[in-house]
Every structure is written in structure tokens, then in C-alpha cells.
Amino acid sequence: IRLHYVQQGQDGPSVVLLHGWSGSHRCFDLNLEALAQSCRVYAPDFRFHGDSDKPGWGFHVARLAMDLHDLLIAWGLDRPTVVGCSLGSAVIWCFVELFGTTMIGKCVFVDQAPSQWRMPDWKFCSKGIYDAASLEAINSALHGSMETFADGNAECC
């Protein structure tokens, strides 16, 4: 599949910016130019996101981590700093689980709660799926207006 990305900057350490669910490289529009003044910055669109292909298979965090692995090799990066926002953070954790830490220099985790799930002592969770009723509710929301779902999801983050 074709994975879209943007690259800015020619000098300095390499930085890879990974967006969150339903985002794209455009999430970093306000950051790319400033970072590119002192770094080589890469911002891919995950499969199913932005300008990347949207195949009918492979939408799993592990697949996104494998895509990141393939991109790091294709770009020839030597231990870049990888910054993950939300879903991007989960992709980094999965990457480390699958491939270890030898390909990544540093990791930065942004907007990732210690737990996505509701617990007696943790109320700061995402919409999540806790039971059959919440599965049906999120399924209905996803099949409705994506814009409405995204707005409602943002309120919970």
C-alpha cells in the first residue's frame, strides 16, 4: 500500500511525528516548520488516515507499528526521536514490543492517558467499550456522521 508522508528540514537529528486516530500529518502543521529549522522532520499518515491508502484489511495497531518499521528503514533513519500523539503513542509501544528499541533513539508520548479504560479509581477514560451496550453505541456513532463522532470523542479526551 502507499503511505503518504511529508518531510521538512535537512540538518540536525531526525524526528518522526505520529498523529492520533482520525488525524493525519496535518495535525502537525503548526509544528513542522519550527522543528524543521533544527531537525529533519517526518510526518506520515497512517494507513486509513489522511492521504495514505485505505485498504480493506490491516487496521490494527500492530500493522501500523509494522508500517512505521518499514518507513524507518525506507527513510534510512538512525535512531530518530519518535513522537506519538494518542494512537501514535500506542503505535510506538507496539513497535517496541515487536521490534525492540534498537531502531528508536528516544520516544515522546503525547495525549495518552495511563489507562483508556474506566476503573473505580480512574474516571478520565475515553469513550471505550465496556459492555454490549457501549459496543452498540460506539458502533452506531461510527456509522453515523464521522464529524459528529469525532467532535463527541474530542469532548471525552
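An account of the accompanying structure is given in this report.

Cut-off values and rules
Residues numbered from 1 in each chain as written. Predicted model: local features only at pLDDT ≥ 70, side-chain atom pairs only at ≥ 80, totals over all residues. Heavy atoms only, no water. Helix = DSSP H or I, 4+ residues; strand = E, 2+ residues; numbered from the N terminus. Expected span 1.5 Å × (residues − 1). Buried < 20%, exposed > 50% of the residue type's maximum accessible area, 1.4 Å probe, protein only. Contact = heavy atoms within 4.5 Å. Core = buried A, V, L, I, M, F, W, Y, C linked by side-chain atoms within 4.5 Å. Axes fitted to C-alpha atoms, helices over the stretch in contact; angles between N-to-C directions. Parallel < 35°, antiparallel > 145°, perpendicular 65-115°, else oblique. Nonpolar A, V, L, I, M, F, W, Y, C, P; charged D, E, K, R; others polar. Pairing = 2+ DSSP bridges.

1. What about helix 2 (residues 61-75)?
In step 1: Compared with an ideal rise of 1.5 Å per residue, which puts 15 residues at 21 Å, helix 2 spans 21 Å between its outermost C-alpha atoms and is within 8% of the ideal.
In step 2: If you check which residues of helix 2 are buried, you get Leu 64, Ala 65, Asp 67, Leu 68, His 69, Leu 71, Leu 72 and Trp 75.
In step 3: Structurally, helix 2 contributes buried residues whose contacts are with strand 1 (5-8), strand 2 (14-18), strand 3 (40-44), strand 4 (81-85) and helix 3 (87-99).
In step 4: At the exit of helix 2 stands Gly 76, carrying a positive phi of roughly 65 degrees.

2. As for the nonpolar core
In step 1: The biggest cluster of nonpolar side chains holds 19 residues, and the ones touching the most others in it are Val 16, Leu 18, Leu 68, Leu 72, Trp 75, Val 82 and Val 91.
In step 2: Of all the elements in the fold, those that place two or more residues in this core are strand 2, helix 2 and helix 3.
In step 3: Residues contacting Val 82, with those up to four places away along its chain left out, are Val 16, Leu 18, Leu 68, Ile 92, Ile 104, Lys 106, Cys 107 and Val 108.
In step 4: Formed by nine residues, the second largest nonpolar core is a distinct cluster that contains Val 15, Phe 28, Leu 32 and Ala 43.

3. A word on the environment of Phe 99
In step 1: Position of Phe 99 relative to the elements: it lies in helix 3.
In step 2: In this structure the C-alpha to C-alpha distance between Phe 99 and Met 66, which are 33 residues apart in sequence, comes to 8.8 Å.
In step 3: Ignoring sequence-local partners within four residues, the contact set of Phe 99 consists of Ala 65, Met 66 and His 69.

4. Quick look at unusual backbone geometry
In step 1: Although it is not a glycine, Arg 79 sits at a positive phi angle of roughly 55 degrees.
In step 2: Within the secondary structure, Arg 79 sits in the loop between helix 2 and strand 4.
In step 3: Residue class for Arg 79 comes out partly exposed when judged on its relative accessible area of 41%.
In step 4: Phi is positive for Ser 86, which is not a glycine, with a value near 55 degrees.
In step 5: Summarising the element assignment, Ser 86 is placed in the loop between strand 4 and helix 3.
In step 6: Accessibility expressed as a relative area gives 28% for Ser 86, which makes it partly exposed.

5. So, the packing of helix 2 against helix 3
In step 1: Axis separation between helix 2 and helix 3 bottoms out at 8 Å; the angle between their running directions is 75 degrees. With respect to helix 3, the element helix 2 is oriented roughly perpendicular. In this structure, helix 2 contributes Val 61, Ala 62, Leu 64, Ala 65, Met 66, Leu 68, His 69 and Leu 72 to the contact, and helix 3 contributes Leu 87, Ala 90, Val 91, Cys 94, Phe 95, Leu 98 and Phe 99.
In step 2: Taken together, the residues that form the contact of helix 2 with helix 3 break down as 14 nonpolar, one polar and no charged.

6. Focus on the sheet that holds strand 1
In step 1: Strand order in the open sheet formed by five strands is 1-3-2-4-5, with mixed pairing between adjacent strands. Bordering the open sheet on either side are strand 1 and strand 5 (106-110), each of which pairs with just one other strand. For this sheet the average axis-to-axis angle between neighbouring strands, irrespective of direction, equals 15 degrees.
In step 2: Sheet strands in contact with helix 3 are strand 2, strand 4 and strand 5, and its direction is about 135 degrees off that of strand 4.

By themselves, these observations are geometric and do not establish any function.
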